[in-house]
Amino acid sequence: MKVKKYVVASMPQAMKAIRSDLGEEAVILHSKQFRTGGFFGLFTKTKMEVLAAVDSVEKLNVKKKSAPAEPGMEDNTSFMKQQLSELNALVSQMSQMQKVSSSSYPQAVENVLAYLRLQEIDEAILENVETPMLEYYYLHRPNSNQLMKWTQSWFVNQFKASEWSGSFKKYVSVVGPTGVGKTTTLAKLAAKCVLEHNQKIAFITTDTYRISAIEQLKTYASILNAPLTICYNGADFKKALVETEAYDVIFIDTAGRNFLEEQYVSDLKKIITFQENLQTFLVLALTSKVSDMKAVYERFASLPVDQLIFTKRDETTQKGSLLNMLYHYGQRAAFTTYGQDVPEDISPFKIEVFIDDVFGDWKDE
Ligand SMILES: Nc1nc2c(ncn2[C@@H]2O[C@H](COP(=O)(O)OP(=O)(O)OP(=O)(O)O)[C@@H](O)[C@H]2O)c(=O)[nH]1
Ligand SMILES: [Mg+2]
């Protein structure tokens, strides 16, 4: 079965397009009206979304062949019978058309889409999944659970390329808004290097705004037996890079500031020399609104952000925002964090695991 979606101004327009694309055998699976455009509720246009399908080509050919070229008396009866059965099929298609034109998608599809919306997955992503989902539905008639399984694997395939498979560069920095968990995440990453890979690490911080920020990092540094260099300006930073040359990985913490202040990113650029061997992770908390995450991302777009880290996975049940960010910016996620404990509450981002988590609240029928 081939399924195609049309967005048109009217049903006749849809029928014309469907006939020319999919042929006379096409059936309409679903249609709905929606309003689009407009300005303060004025000048909106009514549009139609029409979903049509056609069976495989082989089936059509067989049907055509069965019509006799020169029907005799015998053949004539069978020809008429066939015509009648085709007419019946057409009538049932039309009544189905009537039925679906005012209704919503089939219940299983509606259930799955409603769940995805609950997870705050963007409509742009839902639009991509809708057509293949309906195609799968009409081919296999799954129940909601089976359709949910199919949807999970669709998401895994779609976002597989968003996993980070790289390794750390020599210098690793974290940037991002206030309180998202930059320092804690940096400590987790550093501790993993020491405990799991036996690497020699050092810390640098450019966060000199709060005394407690320095104390916080000092504590982690002393537990990991690593040096900490505090940098107040660009000259300090350059000096610190030279001083830490002998270490395997150097972790750089930065101050979280109000991302709405343009000044913040340009201040960062004044201190940190963003160069080839420096890797920058933008840290975002999954507890934030997607619109804020997007604003933060755009604010940081002038920095060479390599990957994203998503924190506080444990503090929300709506995790679609991570997928929305990867989708909108074609970015990769390197890690997710899910608690305050250093170093255990962090894992490399794995799409299967994440999707299992996102779909974990789905209640079986
Ligand atoms: N629940 C939960 N809390 C976290 C997570 N990561 C960090 N935190 C907590 O969030 C709070 C802020 O963490 P910090 O690491 O200080 O955040 P920051 O981004 O460095 O903050 P600023 O430097 O002030 O911008 C602390 O209480 C952390 O323990 C997480 O994954 N889950
Ligand atoms: Mg901090």
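Residues numbered from 1 in each chain as written. Chains lettered and ligands numbered in written order. Predicted model: local features only at pLDDT ≥ 70, side-chain atom pairs only at ≥ 80, totals over all residues. Heavy atoms only, no water.

Teacher, can you tell me more about the site of ligand 1 here?
Near ligand 1 lie 18 residues; those nearest to it are Lys182, Thr184, Arg210, Asp314 and Thr337. Thr183 is positioned such that a nitrogen or oxygen atom in its side chain is 2.8 Å from an oxygen atom of ligand 1. Taking Glu315, its side chain carries an N or O atom lying 2.8 Å from a nitrogen atom of ligand 1. The fraction of the free accessible surface of ligand 1 (650 Å²) that becomes covered by protein chains is 84%. Broken down by element, the residue count for the shell around ligand 1 peaks at three residues, all from helix H7 (residues 182–197). Partitioning the shell around ligand 1 into residue classes produces two nonpolar, 10 polar and six charged. (Near = heavy atom within 4 Å. Polar contact = N/O pair within 3.5 Å; in protein donor to acceptor, adjacent residues only side chain to side chain. Areas by Shrake-Rupley, 256 points an atom, 1.4 Å probe, with all protein chains shown as cover. Helix = DSSP H or I, 4+ residues; strand = E, 2+ residues; numbered from the N terminus. Nonpolar A, V, L, I, M, F, W, Y, C, P; charged D, E, K, R; others polar.)

Quick question: what am I supposed to make of the packing of aromatic side chains here?
For any pair of aromatic rings, the description rests on two quantities: the centre-to-centre distance and the angle between the ring planes. Considering all chains together, one arrives at 18 aromatic pairs under this definition. Seen from their ring centres, Tyr137 and Tyr138 are 5.2 Å apart, and the 85 degrees between their planes marks the pair as edge-to-face. Residue Tyr137 shares its accessibility class with Tyr138, and that shared class is buried. Counting every residue linked through ring pairs, the aromatic cluster contains Tyr115, Trp154, Phe155, Phe159, Phe359 and Trp362. (Phe/Tyr/Trp six-rings, centres within 6.5 Å; stacked < 30°, edge-to-face > 60°. Buried < 20%, exposed > 50% of the residue type's maximum accessible area, 1.4 Å probe, protein only.)

Which parts of the structure should I look at to understand the pattern of salt bridges?
Pairing between side chains becomes possible if they bear opposite charge and their charged atoms approach one another. Here the structure, examined in full by the defined rule, presents 12 salt bridges. Here Lys160 makes a salt bridge to Glu163, at a shortest N to O gap of 3.4 Å. As a salt-bridge pair, Lys192 and Glu196 come within 3.1 Å of each other at their nearest N and O atoms. Of this pair, Lys192 and Glu196 both sit in helix H7, four residues apart, roughly one helical turn. Accessibility expressed as a relative area gives 51% for Glu196, which makes it exposed. When salt bridges with common partners are traced through the structure, they connect Lys160, Glu163 and Glu352 into a single cluster. (Salt bridge = Lys/Arg side-chain N within 4 Å of Asp/Glu carboxyl O.)

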